[in-house]
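Understanding the architecture of this molecule
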Amino acid sequence: MSEMLEEIREKLSSVGLKATQQRMVVYQALMQTMNQHPTAERIFEVVRPHNPTISLGTVYKTLDTFVSNGLAGKVASDAGFMRYDVNMEQHSHIYCTNTQEIIDYHDEGLDELIQQYFQKKNIKNLKISNIHVQINGLKEEPDQDIEIK
């Protein structure tokens, strides 16, 4: 546990943020729920039992601070809810509209195809720095995992 807290302190410090108690617990909850791509409300539910004075507004502000400093990203759902992603590596998402799941998807081939498409279109004055694709669909068998090969 102390290793995780030290890792969080270092991440915050690396972008010039102070490691306040609120930032520490929110980032820790974000890491613990990273496979769920949680909403701010879900993070609040995780941190509130051990931090009864923290407010939902503080959680939102803290998450926005993480996003603006490159420690987290936002992922939209079709229901209009903003979800958060602590995985800052290049990746895309599969969003299952019937189960509300967001699944990380890595495919260098897809990224290359998109890069090639933009090169063929000869788009001027644009340097692609990152590619994020979100694929929305229905999970055919909601109780089964999606198989990515």
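Here, the structure is the one placed above.
On to the pattern of salt bridges. On inspection of all chains with the given rule, the structure shows four salt bridges. Residues Lys-139 and Glu-101 are paired through a salt bridge, measuring 2.6 Å at the closest nitrogen-oxygen approach. With Lys-139 in the segment after β5 (134-137) and Glu-101 in strand β4 (residues 101-105), this pair connects stretches of sequence that are 38 residues apart. On the basis of relative accessibility, which here comes to 27%, the residue Glu-101 falls in the partly exposed class.

Val-26, Leu-30, Val-59, Leu-63 and Phe-66 are the most contacted members of the largest nonpolar core, which has 22 residues in total. When contributions to this core are tallied by element, the ones reaching two or more residues are α1 (2-14), α2 (21-32), α3 (40-47) and α4 (56-68). Per element, the largest residue contribution to this core is seven residues, and it comes from α2.

What follows concerns the sheet that holds β4. If you walk across this open sheet you meet the three strands as β4-β3-β5, and the pairing is mixed. Edge strands, defined here as strands with exactly one partner in the open sheet, are β4 and β5. Direction aside, neighbouring strands of the sheet carry axes that sit 20 degrees apart on average. With five bridges connecting them, strand β3 (residues 92-96) and β4 associate as antiparallel partners. In the strand pairing of β4, Tyr-95 is matched with Ile-102.

The rules behind the values
Residues numbered from 1 in each chain as written. Predicted model: local features only at pLDDT ≥ 70, side-chain atom pairs only at ≥ 80, totals over all residues. Heavy atoms only, no water. Salt bridge = Lys/Arg side-chain N within 4 Å of Asp/Glu carboxyl O. Helix = DSSP H or I, 4+ residues; strand = E, 2+ residues; numbered from the N terminus. Buried < 20%, exposed > 50% of the residue type's maximum accessible area, 1.4 Å probe, protein only. Core = buried A, V, L, I, M, F, W, Y, C linked by side-chain atoms within 4.5 Å. Pairing = 2+ DSSP bridges. Axes fitted to C-alpha atoms, helices over the stretch in contact; angles between N-to-C directions.

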